[in-house]
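A look at the structure
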Amino acid sequence: MNRKIAPKKNAPVRTTATKTAKSARAELPIEIDARTLPPLGMTPERFLRDYWQKRPLLIRNAFPDFETPVLPEDLAGLACEETALSRIVMHDRANDRWTLRHGPFDEDEFPGMPHQDWTLLVQDVDKWDPDIAALLEQFRFLPRWRIDDVMISFAAPGGSVGAHVDQYDVFLLQAYGHRRWQIDAGANPPLDFRPDVELKLLREFNPTHDWVLGPGDMLYLPPGVPHNGVAEDACLTFSVGMRAPSAAELLGDFVDTLASDADDALRYTDPDLAPSSDPNEIDTAAMNRVVEALNLLRMNDPDRLGDWFGRFITVYRAGGEVQSGGQARSRIEIEWDLQHGASLFRHPYSRMAWRRAHRKGEPARLYVSGHDYPLPADDAALIADAAQLDGAGYASLSDAGRDLVQELIQSGHFNLALPDEEE
């Protein structure tokens with residue numbers, strides 16, 4: 001005969017659903033093969049529910065039969081560009097010394113580099129190469145404004161940047177050659193840094209997992225997971241990193257916005273002031289008035305708050321500035337060109353996002369590299385998603401949407417390409 005046992009007083013009640021959920025989490029695999037369902041090996045919904053910002057995942061065959069669109073010599077050439085963000089990390093293994101150098105570098109330098117133990121890293125390669133930018137389409141299950149850039153690293157055999165930890169999500173796609181990745185997926189890993197190197201390397205690293213990744217394999221790491229990658233042979237790794245502003249960065253920009261928008265008439269006041277027993281004391285009543293004065297600046301309006309964040313996130317960690325290319329064609333000429341096969345291409349450094357208005361009847365907002373524009377929601381969504389805008393897309397916009405596109409052309413956010421100029 002089955003009997004229900006009543007829980008002890010004040011003891012937590014564990015339901016079957018709770019036990020099942022905990023058991024399922026414990027049994028989640030840390031390695032899967034995604035060949036039948038690339039690039040995650042599961043639905044985006046399941047990945048976001050079970051892994052995103054929760055646990056690492058090695059995804060074999062995330063990009064089956066992957067062939068790199070760039071080669072090591074291409075990356076070396078990009079590292080010589082004045083405006084490219086590049087670094088070289090060298091490791092003196094015998095003495096465990098690390099050296100960090102920043103680019104741009106000389107072309108003549110690379111042929112004389114050692115045959116092992118160094119790494120070249122170049123940020124924002126998606127801004128330079130359309131084939132790399134196209135890879136980001138595979139990550140559309142994430143908000144585009146959360147994706148920072150595609151960094152590419154070339155490592156000679158033994159090359160590494162040392163054991164470290166990132167405070168943002170990252171997908172590490174092996175593009176060429178082989179790299180050994182070790183991670184510490186344990187609870188509360190040691191996170192102290194070494195004091196003797198310029199890089200933020202971990203003083204102690206205790207790997208719990210050890211894998212060798214080949215072309216098409218991808219490792220997902222949530223924030224805070226210690227990891228170390230070492231090249232088994234000459235290899236390329238693509239790193240798709242997320243934007244994750246710190247609370248201090250958010251607060252700093254938020255406070256600057258509050259201060260710049262504040263009415264100078266909003267001040268500390270004390271109409272309830274009573275005679276003080278000690279004129280030098282900052283008493284509790286005074287501090288309460290300080291809090292009241294600060295509360296006058298609170299951004300309680302959801303639309304004002306949304307506008308601040310939209311402007312902030314489309315500027316945060318921008319790799320470069322958008323400047324006008326001096327488009328000499330008139331609006332009539334541009335629209336004629338679009339009707340006859342031309343397209344508008346977004347500047348690679350132009351960041352866009354959009355947001356629906358909180359108040360009913362208000363227009364949506366499009367955010368473009370720190371600026372905001374009121375637009376119908378359909379227009380805002382189309383423009384924010386348009387890496388390329390053809391004649392049909394342009395014609396589908398409202399008058400306000402077409403007006404804004406023309407403004408964005410003049411400010412350099414879109415560039416016109418005639419049919420014979422498109423690649």
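Scroll up for the structure.
Residues numbered from 1 in each chain as written. Predicted model: local features only at pLDDT ≥ 70, side-chain atom pairs only at ≥ 80, totals over all residues. Heavy atoms only, no water.

1. Description of the overall build of the chain
We apply this condition: Here a helix means four or more residues in a row that DSSP labels H or I, a strand means two or more in a row labelled E, and each is numbered from the N terminus. For the exposure calls, accessible area comes from a 1.4 Å probe over protein chains only, and a residue counts as buried if that area is under 20% of its type's maximum, exposed if over 50%, partly exposed in between. What makes two residues a contact is simply this: any of their non-hydrogen atoms within 4.5 Å.
Counting its regular elements, the chain contains 11 helices and 18 strands. Counting only C-alpha atoms, the chain reaches 80 × 80 × 65 Å along its principal axes. The buried share of the chain, taken over its 423 residues, is 41%. Taking all contacts inside the chain whose residues are at least 6 apart in sequence as the whole, residues at least 24 apart take part in 77%.

2. What about the sheet that holds strand E5 (residues 118-122)?
Put simply, the rule reads: If DSSP finds at least two bridges between two strands, the strands pair. Only the stretch in contact is used when fitting a helix axis, every axis being a line fitted to C-alpha atoms; angles between N-to-C directions are given from 0 to 180 degrees.
Taking strand neighbours across the sheet as the criterion, the nine strands line up as E1-E2-E10-E7-E12-E6-E5-E3-E4 in an open arrangement whose pairing is mixed. Two strands lie at the open edges of the sheet, namely strand E1 (31-33) and strand E4 (97-102), each paired on one side alone. Going across the sheet, the axis of each strand differs from the next one's by a mean of 20°, ignoring polarity.

3. Describing the state of the cysteines
The cut-off we apply is this: The criterion for a disulfide is a pair of cysteine sulfur atoms lying within 2.5 Å.
Scanning all chains against the criterion turns up zero disulfides. Cysteine Cys-80 remains unbridged, with the sulfur of Cys-235 as its closest cysteine sulfur at 20 Å.

4. Quick word on the pattern of salt bridges
Applicable threshold: Any carboxyl oxygen of Asp or Glu that lies within 4 Å of a side-chain nitrogen of Lys or Arg is treated as forming a salt bridge with it.
Applying the stated criterion across every chain, the model contains 33 salt bridges. Across the pair Asp-217 and Arg-60 runs a salt bridge, and its minimum N-O distance is 2.9 Å. Of the two residues, Asp-217 sits in the loop between strand E9 (209-213) and strand E10 (218-221) while Arg-60 sits in strand E2 (residues 57-60), which places them 157 residues apart along the sequence. With respect to burial, Asp-217 and Arg-60 carry one shared label: buried.

5. What about the packing of aromatic side chains?
Defined as follows: Stacked, tilted and edge-to-face are the three classes assigned to paired rings of Phe, Tyr and Trp, where Trp is represented by its six-membered ring and a pair needs centres within 6.5 Å; plane angles under 30 degrees give stacked, over 60 edge-to-face, the rest tilted.
Per the counting criterion, the structure on display carries 19 aromatic pairs. Clustering of aromatic rings is evident, with ring pairs tying together Phe-47, Tyr-51, Trp-52, Phe-139, Phe-141, Phe-171 and Tyr-220.

6. Description of the sheet that holds strand E14 (residues 352-355)
Here we have three strands laid out as an open sheet, ordered E14-E15-E16, and antiparallel in their pairing. At either margin of the open sheet sits one strand with a lone partner, and together these are E14 and strand E16 (371-375). Averaged over all pairs of adjacent strands, the angle between strand axes in this sheet comes to 25°, irrespective of strand direction. By the bridge criterion, four bridges tie E14 to strand E15 (residues 364-368) in an arrangement that is antiparallel. Counterpart to Arg-355 in the pairing with E15 is Arg-365. Lying on the sheet, helix H7 (residues 302-313) is in contact with E14, E15 and E16; it crosses E15 at an angle near 25°.

7. Details of the nonpolar core
For clarity, the cut-off: Among buried residues, those of type Ala, Val, Leu, Ile, Met, Phe, Trp, Tyr and Cys that are joined through side-chain atoms within 4.5 Å constitute a nonpolar core.
With 47 residues, the main nonpolar core has Phe-47, Phe-110, Leu-120, Ile-152, Phe-171 and Phe-238 as its most contacted residues. Counting residues per element, the ones that place at least two in this core are E2, helix H3 (72-78), E5, helix H4 (130-135), strand E6 (147-155), strand E7 (170-176), E10 and strand E12 (235-242).

8. Description of the packing of helix H8 (residues 331-339) against helix H11 (residues 399-410)
Note the following rule: Roughly parallel means an angle under 35 degrees; roughly antiparallel, over 145; roughly perpendicular, 65 to 115; everything else is oblique. Amino acids are sorted into nonpolar (Ala, Val, Leu, Ile, Met, Phe, Trp, Tyr, Cys and Pro), charged (Asp, Glu, Lys and Arg) and polar (every other residue, Gly among them).
Across the interface, H8 lies against H11 with an axial gap of 12 Å and an inter-helix angle of 105°. Our classification of the angle between H8 and H11 gives roughly perpendicular. The residues of H11 that touch H8, namely those facing Arg-331, Ile-334 and Glu-335, are Arg-402, Asp-403, Gln-406 and Ile-409. The residue inventory of the contact of H8 with H11, partitioned by class, reads two nonpolar, one polar and four charged.

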